[in-house]
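Chain and residue survey
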Amino acid sequence: MKPCMMKDLMCIWKTPLNDKEYADMLQKKIKFSYAVLLFGALLLGMGISNECLTFLNTDSFMDGVYSGVGTGIIAATIRGILKNKKLLKDAKMLHEERIETYDERRIEISQKAVVMTYSIFCIILFAAMLVAGFFNRIIFWCCWMGIILFALVYLTVVRYYNKHM
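Residues numbered from 1 in each chain as written. Predicted model: local features only at pLDDT ≥ 70, side-chain atom pairs only at ≥ 80, totals over all residues. Heavy atoms only, no water.

1. Things to note about the side chain of Arg98
Mapping Arg98 onto the fold places it in helix α4 (residues 91–101). Sequence-distant contacts of Arg98, defined by excluding residues within four places in its chain, comprise Pro16, Leu17, Asn18, Asp19 and Tyr22. (Helix = DSSP H or I, 4+ residues; strand = E, 2+ residues; numbered from the N terminus. Contact = heavy atoms within 4.5 Å.)

2. What about the packing of helix α3 (residues 60–89) against α4?
Packing of α3 against α4 brings their axes to within 5 Å, and their N-to-C directions diverge by 115°. Taken together, the residues of α4 that come into contact with α3 (itself represented by Lys83, Lys86, Leu87 and Lys89) are Ala91, Met93, Leu94 and Glu97. Class assignment for the residues of the contact of α3 with α4 results in 4 nonpolar, no polar and 4 charged. (Axes fitted to C-alpha atoms, helices over the stretch in contact; angles between N-to-C directions. Nonpolar A, V, L, I, M, F, W, Y, C, P; charged D, E, K, R; others polar.)

3. Points about the packing of helix α5 (residues 104–135) against helix α6 (residues 137–164)
Where α5 contacts α6, the two axes come as close as 7 Å, and the packing angle between them is 155°. Considering their axes alone, α5 and α6 lie roughly antiparallel with respect to each other. Where α5 crosses over α6, the two elements pack in a sense that is left-handed. In this structure, α5 uses Tyr118, Cys122, Leu125, Phe126, Ala128, Met129, Ala132, Gly133 and Phe135 to contact α6, whose residues at the interface are Arg137, Ile139, Phe140, Cys143, Trp144, Gly146, Ile147 and Phe150. (Parallel < 35°, antiparallel > 145°, perpendicular 65-115°, else oblique. Left-handed = near helix turned anticlockwise from the far one by under 90°.)

4. A word on the pattern of salt bridges
Counting across every chain of the model gives 5 salt bridges. Residue Lys20 is joined to Asp24 by a salt bridge in which the shortest nitrogen-to-oxygen separation is 3.5 Å. Residue Lys20 and its partner Asp24 are located together in helix α2 (residues 19–53), separated by 4 residues, close to a single helical turn. Since its relative accessible area comes to 58%, Lys20 is described here as exposed. For Asp24, a relative accessible area of 37% puts it in the partly exposed group. As a salt-bridge pair, Lys112 and Glu108 come within 3.9 Å of each other at their nearest N and O atoms. Taken together, the residues Lys112 and Glu108, both in helix α5 and 4 residues apart, mark about one turn of the helix. A relative accessible area of 39% places Glu108 in the partly exposed class. (Salt bridge = Lys/Arg side-chain N within 4 Å of Asp/Glu carboxyl O. Buried < 20%, exposed > 50% of the residue type's maximum accessible area, 1.4 Å probe, protein only.)

5. A few points about the layout of surface pockets
Regions of empty space are outlined by a rolling probe, equal in size to a water molecule, passed over the atoms. Here the second largest pocket is characterised by a volume of approximately 270 Å³. As for the second largest pocket, its lining consists of Val114, Val115, Tyr118, Ser119, Cys122, Phe150, Val153, Tyr154, Val157, Val158 and Tyr161. Element by element, the count of residues in the lining of the second largest pocket is highest for α6, at 6 residues. (1 Å grid on protein atoms, 1.4 Å probe; cavity = no way out; pocket = protein on both sides within 12 Å on 5 of 7 lines; lining within 4 Å. Points joined across faces, edges and corners; volume = space filled by probe spheres on them.)

6. A look at a nonpolar patch on the surface
A cluster of nonpolar side chains, namely Phe39, Leu42, Met46, Phe61, Met62, Val65, Tyr66 and Val69, defines an oily patch on the protein surface of about 710 Å² accessible area. Mapped onto the nonpolar patch, the elements with two or more residues apiece are α2 and α3. In terms of residues, the nonpolar patch owes the most to one element, α3, which gives 5 residues. Relative to the elements of secondary structure, Met62 occurs in helix α3. In this structure Met62 comes out as partly exposed when scored by relative accessible area, which is 31%. (Patch = residues over 30% accessible without salt bridge, like charges linked within 9 Å, V, L, I, M, F, W, Y side chains within 5 Å. Areas by Shrake-Rupley, 256 points an atom, 1.4 Å probe, with all protein chains shown as cover.)

7. Observations concerning the packing of aromatic side chains
Throughout the structure, instances matching the rule amount to 4 aromatic pairs. Judged by centre distance (5.0 Å) and plane angle (80°), the rings of Phe140 and Trp141 are edge-to-face. Pairing Tyr160 with Tyr161 gives two aromatic rings, centres 5.3 Å apart and planes at 70°, and the pair type is edge-to-face. (Phe/Tyr/Trp six-rings, centres within 6.5 Å; stacked < 30°, edge-to-face > 60°.)

Encoded structure:
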């Protein structure tokens, strides 16, 4: 069974067994990063061109949001590409990074933090929904849809892992 293309491109669910596999994973991440870089450039271009030419009837705030998010994506992606290329040039650094990145303790801490973060986020979103119901129905329904979407995504992921693990 072939894994999905996105999962294969990002290489985030596979644990490399040696430095060569890790180097191949970094190469794939670099290739995927160029697509992310293009997306950031698209957002930046949309923000700047809409500010100058007013294609969409949005206020200046949203143009700034698009420009800022695009710039942030570009900067983070370039930093990641440069870091990965530097790792690929030095075998010792590559080995140390692989050991540090795939440390079992670090992975366990990260998984527990994600579970706790999403649990707290859901509770806060539910409380916000209850309070917003007194003041603004649109905010209430946005919070409600956030909770429902979270639950649907959760159930989908659980079903996926029950079949594939």
